[in-house]
Amino acid sequence: MRNKISSILFLERIGDKLTVEGWVRTRRDSKGGFSFIEINDGSCLQNLQVIADGSLSNYQTEILRLQTGCSVRVTGIVAPSQGKGQTVELQAEFIDVIGWSDPDQYSLQKKRHSFEFLRTIAHLRPRTNTFGAIARVRNAMSIAIHSFFQDRGFLYIHTPIITGSDCEGAGEMFKVTTLDLAQVPQKDGHIDFEKDFFGAPAHLTVSGQLEAEIYALALGDVYTFGPTFRAENSNTSRHLAEFWMVEPEMAFCDLEGDVGMATAFLKYVFTYVLEHCREDMAFFNRFMDSTIIETLERIISKDFETVSYGEAVRILSEAKEGFEFPVAWGTDLQSEHERYLCEKVFKGPIVVIDYPKEIKAFYMKVNQDNKTVRAMDVLVPKVGEIIGGSQREDDHDILLQRIKDMGLEPDNYWWYLELRKFGSVPHAGFGLGFERLIQFVTGMTNIRDVIPFPRTPGNISF
Ligand code: ATP
Ligand code: MN
């Protein structure tokens, strides 16, 4: 039976005879005629130290040829370790080599590789400490997201990935088609989509929100957690073409309720990850950013500051900072502005509410001033926006006018409008970029390093 290294290190099962299976990280030979072999099986950051005595039958023929990357099965006795760095070790009785690894060809060597290089070997990078830790943190955060909403009675809804609507115009969309690109059928000078798979243009979704609203207006509280696609050609450290988004949608909820849910949610996920991923978080705190644990603990223990867009613009226009993009009422906040507010002014995450209606989506509820909408963005230091949300317009006639004003075609939104005709209620929700949240939690500076297989402009090799 295979034992996980995490359980051996955690439970310190001294005297037990156990079997582990994993990959060799290093081998060191001692002058006393035995070897230390460090094994990792992905269950935790720390390796298990195996002592391979020279008396093992395959010591000369195999053990002394073990290299980084080889896979092995080891059966042995757990014993207290004399060496530094671990409390227990495994004194091997048998070591079977399962798979060899030729050091002249294996591109993952003991030395520290750059993240750029590791992206070119995405099939091997999960075998490094950093990417193993990210995979475990990402897993824990996914579970935290589900348990937060499940504990509060939200239903997990699966919204479509292929969509016929061009949604909220949240970003450029990828087309989905089976038409022959070398010979696209034409009709009256246009592409004849009747000949396409769906008989109409289709795209990959940029957000599940509009469909989530359908379910919220029937079932109360719902959320989605799935992949989202944006064809924006922005090569930044915070944008992916394929990313995961969490989108709760709540009936009988206003903007204040939405902000309250978003901040409770963040605190829950941060608490969960600090509790469940201590070892990995200590690793990130040591090697990526020595402030992350302290920052997360501080966020958990205090309230989020809320500031209106108008107030944020006033602060920014009085700032002595030389911004690349000028700030004036009516312009969208750029990442540099968001970071300045969090890092220099409020020294922590903030919630910005009441944005001008011109720069926000058509579905956001218009405030009494008729100039701003009930929008909220959660901004955090170093990353900027991680959540964008709003109370939705629940008045049929105002919504119809907004759709027209924005130059959209009301017929495309007939069902969305109809939700405002039959039992309409105030409702609100938000979208959280999962990878940006992981960036914030781990201190990883590039979003390409917190998703297993990043999709970015010009890059689809894995
Ligand atoms: P930004 O202005 O930062 O590009 P946005 O305002 O276009 O983001 P929203 O449409 O509000 O983003 O999406 C909700 C959340 O999804 C954002 O707060 C962010 O966390 C995340 N997000 C948006 N676009 C991307 C992307 N291309 N890659 C990764 N996460 C993204
Ligand atoms: Mn946004």
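Residues numbered from 1 in each chain as written. Chains lettered and ligands numbered in written order. Predicted model: local features only at pLDDT ≥ 70, side-chain atom pairs only at ≥ 80, totals over all residues. Heavy atoms only, no water.

Caption draft 1: Expanded view of the domain arrangement of the chain. The domain architecture assigned to the chain consists of domain 1 (5–99) and domain 2 (126–170 + 206–449). Relative placement of domain 1 and domain 2: their C-alpha centres are 45 Å apart. Taken together, the eight residues of domain 1 in the interface contact eight residues of domain 2. Summed over both partners, the interface of domain 1 with domain 2 buries about 640 Å², with 42% contributed by carbon and sulfur atoms. Contact with domain 2 buries area across many residues of domain 1, yet W23, R25 and L45 alone supply 72% of it, more than any other trio. Where domain 1 meets domain 2, there are zero salt bridges. Inspection of the domain 1/domain 2 interface yields five residue pairs in polar contact (both at pLDDT 80 or more). The residue makeup of the side of domain 1 that touches domain 2, split by class, is three nonpolar, four polar and one charged. (Domains from an automatic or database assignment. Contact = heavy atoms within 4.5 Å. Buried area = accessible area lost by both parts, 1.4 Å probe. Salt bridge = Lys/Arg side-chain N within 4 Å of Asp/Glu carboxyl O. Polar contact = N/O pair within 3.5 Å; in protein donor to acceptor, adjacent residues only side chain to side chain. Nonpolar A, V, L, I, M, F, W, Y, C, P; charged D, E, K, R; others polar.)

Caption draft 2: Representation of the site of ligand 1 in the model. E232, H239, E385, I386 and R436 are the nearest of the 15 residues found near ligand 1. A distance of 2.9 Å is found between an oxygen atom of ligand 1 and a backbone nitrogen or oxygen belonging to I386. One nitrogen or oxygen atom from the main chain of I387 is found 3.5 Å from an oxygen atom belonging to ligand 1. With the chains in place, 83% of the 580 Å² that ligand 1 exposes on its own is no longer accessible. When residues of the shell around ligand 1 are assigned to their parent elements, the largest contribution, four residues, is made by strand β17 (residues 384–391). Of the residues assigned to the shell around ligand 1, the class counts are six nonpolar, four polar and five charged. (Near = heavy atom within 4 Å. Areas by Shrake-Rupley, 256 points an atom, 1.4 Å probe, with all protein chains shown as cover. Helix = DSSP H or I, 4+ residues; strand = E, 2+ residues; numbered from the N terminus.)

Caption draft 3: Quick look at the packing of helix α5 (residues 255–276) against helix α12 (residues 434–442). Look at α5 against α12: their axes get within 12 Å of each other, and the N-to-C directions meet at 50°. On the basis of their axis angle, the class for α5 and α12 is oblique. Between α5 and α12 the crossing geometry is right-handed. Between α5 and α12, the contacting residues are L266, V269, F270 and V273 on the first element and L437, F440 and V441 on the second. Partitioning the contact of α5 with α12 into residue classes produces seven nonpolar, no polar and no charged. (Axes fitted to C-alpha atoms, helices over the stretch in contact; angles between N-to-C directions. Parallel < 35°, antiparallel > 145°, perpendicular 65-115°, else oblique. Left-handed = near helix turned anticlockwise from the far one by under 90°.)

Caption draft 4: Highlighting the pairing of strand β16 (residues 372–380). Burial analysis of β16 places eight of its nine residues in the buried class, which makes it a mostly covered element. When strand β15 (residues 350–356) meets β16, the two strands line up antiparallel, connected through six bridges. Within β16, the position partnered with P356 by the bridge is T372. Taken together, the six bridges between β16 and β17 define a ladder with antiparallel strand orientation. Within β17, the position partnered with V380 by the bridge is G384. Hairpin connection, β16 to β17: the antiparallel pair is bridged by three residues, and K382 has positive phi, about 70°. (Buried < 20%, exposed > 50% of the residue type's maximum accessible area, 1.4 Å probe, protein only. Pairing = 2+ DSSP bridges.)

Caption draft 5: A look at the pattern of salt bridges. Using the criterion set out here, one finds 24 salt bridges in the structure. Salt-bridge contacts for E213 lead to R392; the nearest nitrogen and oxygen are separated by 4.0 Å. Here E213 is found in helix α4 (residues 209–219), whereas its partner R392 is found in the loop between β17 and α10 (396–405), with 179 residues between them in sequence. Per residue, the accessibility class of E213 equals that of R392, and both read buried. The closest approach of N and O atoms between R339 and E343, which form a salt bridge, is 2.8 Å. Of this pair, R339 and E343 both sit in helix α9 (residues 335–345), four residues apart, roughly one helical turn. When its relative accessible area of 32% is taken as the criterion, R339 is described as partly exposed. When its relative accessible area of 29% is taken as the criterion, E343 is described as partly exposed. Via salt bridges that share partners, R2, E21, R73 and D96 belong to a single interconnected network.

Caption draft 6: Seen up close, the sheet that holds strand β2 (residues 34–40). The five strands lie next to each other as β1-β2-β3-β5-β4, forming a closed barrel whose pairing is mixed. Taking each pair of neighbouring strands and ignoring which way they run, the sheet shows an average axis angle of 55°. The sheet contact formed by β2 and strand β3 (residues 48–53) spans six bridges and is antiparallel. Of the residues in β3, the one forming a bridge with S35 is A52.

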